[in-house]
Amino acid sequence: MSSFIKEKDGIFPSVCSLDCPDQCGLLVHKKDGKIVKVEGDPNHPVTKGNICNKVRNMAARLYDEKRLEYPLKRVGAKGEGKFERITWDEAIATITNRWKSLIETKGPESIIPYSFYGNMGYITAEGMDRRFFHRMGASQLDRAVCQAAGSEGYKYTMGGSFGIDPEDSVDSKLIIFWGVNAVSTNMHQVVLAQKAKKNGAKIVVIDVHKNQTGRIADWFIPILPGTDGALALGMMNILFDENLIDEDFLKNFTIGYEQLREHVRQYDPVTVSSITGVPVDDLYRLARLYGEITPSFIRIGNGLQHHDNGGMSVRSIACLPALTGQWLHKGGGALKSNSGYLAHNTYSMQRPDLLENKQTRTINMNAIGDALLQENNPIQSMYVYGSNPAVIAPSSNKVKAGLERNDLFLVVHDLFLTETARYADIVLPSTSSYENTDLYGSYWHNHFHLQQPVIEAYGESKSNYEVFKLLANGMEYDDDAFKETEAEMIENALSNTGNPYIEEITYEKLAKNEYMKANVKPLLPGKLLTPSGKIELYSEKMVEDGYHGLPTYTPIVNDGDAPFLFVPGPNHNFLNSTFSNNEKHIKFEKTPKLHINSEDAIAYGIETDDIVKIWNERGECELTAAVGDNVLKGVLVSQGLWADQPGTKQIVNSLTPDRIADMGGGATFFSGRVNIEKK
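What this report covers is the structure whose coordinates are included nearby. Given the structure is predicted, the values throughout are model-derived calculations rather than measurements. (Residues numbered from 1 in each chain as written. Predicted model: local features only at pLDDT ≥ 70, side-chain atom pairs only at ≥ 80, totals over all residues. Heavy atoms only, no water.)

## Overview of the nonpolar core
Within the largest apolar cluster, 138 residues are counted, with the highest numbers of intra-cluster contacts made by Trp178, Trp327 and Ile614. If we ignore the near neighbours within four places in the chain, the residues touching isoleucine 614 are Phe566, Leu594, Gly619, Glu620, Cys621, Leu623, Leu636, Leu655, Val674, Asn675 and Ile676. Counting 43 residues, the second largest nonpolar core, distinct from the first, contains Tyr465, Leu471, Ala472 and Leu510. (Core = buried A, V, L, I, M, F, W, Y, C linked by side-chain atoms within 4.5 Å. Buried < 20%, exposed > 50% of the residue type's maximum accessible area, 1.4 Å probe, protein only. Contact = heavy atoms within 4.5 Å.)

Structure follows, in structure tokens:
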């Protein structure tokens, strides 16, 4: 037992487990064995004691009266939410007996896991679970709902998920937040930007919605959804045309810049303005700012990649720092994700060798609705953990129809009876991160954190690690892979990584220090992990993979004739569907709003606080109108994944397409169209 658990009162180190780039260091206050307060660790070198409202009020989630305490089995109709208490022995026996029968009659690929990063711990999210389903030979899940498209596009240019050290951005003189509501989703990057601003930096925000980040900018640039790649190419056109480039850098550290120079001639300012909605004068102003100010830093967000062309858009933006030679200047460059610096031994953690010689299939999680409804070789059982597909998956009405199938054996492991869990046959109570041992790595700053348990498990709840060991035992899997302790899994994940940045980081040192920073060095001068070892403005690998070798703009797919582009972005007090069921966080966020341009509102007879219906062939929603100039004409923006409350229609993903993006199997949440009317 962790020494932290034994002590009933005191202040203990911890780390935030949420799927957020900041991954804050925390101090947890306990009284009588319970967490009574969560605050930031002021000694953390990056997060420095500042935490968001979500985490500050974490105790309300941990001790919510709706939290699950023991296993349940369904006794009512699917979706009705009627369950009765059972023992863990009965739950494990029910699950494994059903799976043994399915494997014998339908094959192991009739079973599929569905998970994402509701808890970012490596053991919880991609450890014993991966080993278990590899050993079974179950259908594999392509977990591509979040960063997949943009990460692939960035990799073609830069060789992997490597950007500037965000701590260096205090030295930036121009900071561009591009497609990221950082105030709500990357708050410490905002803190660093504000420090840079005190030293004379300018802050520019490019987005489809003037959200909280847009409001702190020196200059906010509204853009039409899905046109970010065109804007980047238009900037390149001006940079080359006005000789605002670093010729020496391009010659020494890139390939393809002469081809790019000719290629971007077609993206002249007038053409790009007509595509993006950015006025020609603003396009010139932006390009000149970028070409004249050094060091400049682009924080590339997740939002712009959730389009049909999302991978190529990120690929295009990632080329910009090379044109002006930013990578040689402290505080210059770009950052999409820094997960490459913390690359660990995923083979050891996930044990893909257990899948060898097994015939199975891979299903993209963005297409789970279609997968659940397909008649040929259907999914017969799904095991859900760390996610809530009934709310977070696109085309959610399809997903719900699949979950309603009486022949689908559904198991959900969660802290709450989520919208997905209401359809489950068996529901298992999950521990929170504060009850587990786990390893965390930020995908923004460059630190590993070790979480040691701070409190006892809530009720009869168990961690993913514990449950998958129980399931392995029930399935009679006696492989050594299911006998490792959490400490051994972490130790092995940090060993034999081939990653020079983390050679000094070990489990033993983390247990002593709580967090450690990778030995990050500037990317250039140096050899990148691209095929050429340089920044690839032209990529032969892209050509081999069926893409244009140069950054290119392709419009988003025609999503029908509805008049409005619809972007369902994040809000400030939820994280995906996490916290959306908690009364305290709902009170903070108030109501699900739909932002509409003033001119569009007049045309449709809509005023602020009116209830409006938006719909397409996939579904409909009812939201509260917020009229103003925060979005361009023809664009509607909502914020947050709200819980499916009785009597409401507020599941925005009932409207979103489940098409697959151009790269990485990514999602296209933001490339849908809708109609609107006042209720």
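## Structural notes on the pairing of strand β18 (residues 438–441)
Both faces of β18 are covered, namely the face carrying Asp438 and Tyr440 and the face carrying Leu439 and Gly441. Where β18 lies against strand β19 (residues 447–451), 4 bridges are found, and the strand directions are antiparallel. Each bridged residue has a counterpart across the sheet, and for glycine 441 the counterpart in β19 is phenylalanine 448. Where β18 hands over to β19, the hairpin turn is made up of 5 residues, counted between the paired strands. (Helix = DSSP H or I, 4+ residues; strand = E, 2+ residues; numbered from the N terminus. Pairing = 2+ DSSP bridges.)

## A few points about the packing of aromatic side chains
Between two aromatic rings, the relevant description is the distance of the centres plus the angle of the planes. All chains considered together, the criterion is met by 22 aromatic pairs. Geometrically, the ring pair formed by phenylalanine 132 and tyrosine 477 is tilted, given 5.6 Å between the ring centres and 50° between the ring planes. Taken together, the positions of phenylalanine 132 in helix α6 (residues 128–136) and tyrosine 477 in the loop between α21 (464–474) and α22 (486–493) put the pair 345 residues apart, joining distant regions of the chain. Here the two residues phenylalanine 132 and tyrosine 477 agree in accessibility, since each one is buried. Linked through ring pairs, Trp99, Phe132, Phe133, Tyr383, Tyr385, Phe468, Tyr477 and Phe482 together constitute an aromatic cluster. The ring of tryptophan 88 has lysine 462 sitting right over it, with the charged end atom 5.4 Å from the ring centre. (Phe/Tyr/Trp six-rings, centres within 6.5 Å; stacked < 30°, edge-to-face > 60°. Lys NZ or Arg CZ within 6 Å of the ring centre and 35° of its normal.)

## Considerations on the packing of helix α4 (residues 88–105) against α21
Direction vectors running N to C along α4 and α21 enclose 55°, while the axes themselves pass 9 Å from each other. Accordingly, the angle class assigned to the pair α4 and α21 is oblique. The element α4 and its partner α21 pack so that their crossing is right-handed. Touching Trp88, Ile92, Ile95, Thr96, Trp99 and Lys100 of α4 are Val467, Leu470, Leu471 and Gly474, all from α21. Class assignment for the residues of the contact of α4 with α21 results in 7 nonpolar, 2 polar and 1 charged. (Axes fitted to C-alpha atoms, helices over the stretch in contact; angles between N-to-C directions. Parallel < 35°, antiparallel > 145°, perpendicular 65-115°, else oblique. Left-handed = near helix turned anticlockwise from the far one by under 90°. Nonpolar A, V, L, I, M, F, W, Y, C, P; charged D, E, K, R; others polar.)

## Digging into the pattern of salt bridges
Here the structure, examined in full by the defined rule, presents 36 salt bridges. Of the charged contacts, one joins glutamate 262 and arginine 265 as a salt bridge, the two residues approaching to 3.1 Å between their closest N and O atoms. Ionic pairing is found between glutamate 620 and lysine 649, a salt bridge with its closest N-O pair at 2.8 Å. With a gap of 29 residues between them, glutamate 620 in strand β25 (residues 619–628) and lysine 649 in the loop between β26 (635–639) and β27 (672–678) connect regions that are remote in the sequence. We classify lysine 649 as partly exposed; its relative accessible area is 40%. Taken together, the shared-partner salt bridges connect Asp308, Asp559, Glu617, Arg618 and Arg659 into one network. (Salt bridge = Lys/Arg side-chain N within 4 Å of Asp/Glu carboxyl O.)

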